[in-house]
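# What the coordinates show
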Amino acid sequence: MIECQEVISRLYTFLDGELTEERRIKIRHHLDECSPCLEAFEFESELRQMVANRLRDRVPDSLRIRISNLIDSERGSAR
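Residues numbered from 1 in each chain as written. Predicted model: local features only at pLDDT ≥ 70, side-chain atom pairs only at ≥ 80, totals over all residues. Heavy atoms only, no water.

Before going further, it helps to spend a moment on the packing of aromatic side chains. The full count for this structure, using the stated rule, is one aromatic pair. Consider the rings of Phe 14 and Phe 41, whose centres lie 5.6 Å apart with planes at 75°: the pair is edge-to-face. With Phe 14 in helix H2 (residues 11–16) and Phe 41 in helix H4 (residues 35–54), the pair connects residues that are 27 residues apart, well separated along the chain. Accessibility assignment for this pair places Phe 14 and Phe 41 in one class, buried. Looking at Arg 24, its charged tip hangs above the ring of Phe 14, at a distance of 4.3 Å from the centre. (Phe/Tyr/Trp six-rings, centres within 6.5 Å; stacked < 30°, edge-to-face > 60°. Helix = DSSP H or I, 4+ residues; strand = E, 2+ residues; numbered from the N terminus. Buried < 20%, exposed > 50% of the residue type's maximum accessible area, 1.4 Å probe, protein only. Lys NZ or Arg CZ within 6 Å of the ring centre and 35° of its normal.)

Okay, here's the thing in structure tokens:
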């Protein structure tokens with residue numbers, strides 16, 4: 001049986017699909033049986049979806065240029 005601490009610590013890799021099938025099944029079974037872990041999973045899942053949706057917003061060209069210039073400036077001062 002898998003414990004809550006392990007499930008919580010592996011939520012990110014679970015959501016990313018980076019676990020073995022056996023580990024995914026164990027975690028999924030635990031989530032089906034443990035409402036606190038399921039709540040944590042749902043929160044992380046919704047948070048990731050919100051972030052992904054926000055990342056689709058277009059960044060203004062002026063901000064892109066400013067960031068690019070700052071990066072170039074940092075690279076130049078690091079040499």
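Anyway, onward from the coordinates.
Listed in full, the 10 residues of the largest apolar core are Ile 2, Val 7, Leu 11, Phe 14, Leu 19, Ile 27, Leu 31, Cys 34, Cys 37 and Phe 41. Elements supplying a minimum of two residues to this core: H2, helix H3 (21–33) and H4. (Core = buried A, V, L, I, M, F, W, Y, C linked by side-chain atoms within 4.5 Å.)

With that settled, consider a nonpolar patch on the surface. The grouping of Phe 43, Leu 47, Met 50, Val 51 and Leu 55 at the surface amounts to a nonpolar patch, some 530 Å² of accessible area in total. Within the secondary structure, Met 50 sits in helix H4. (Patch = residues over 30% accessible without salt bridge, like charges linked within 9 Å, V, L, I, M, F, W, Y side chains within 5 Å. Areas by Shrake-Rupley, 256 points an atom, 1.4 Å probe, with all protein chains shown as cover. Salt bridge = Lys/Arg side-chain N within 4 Å of Asp/Glu carboxyl O.)

Scope: geometric values only; no functional claims are made or implied.
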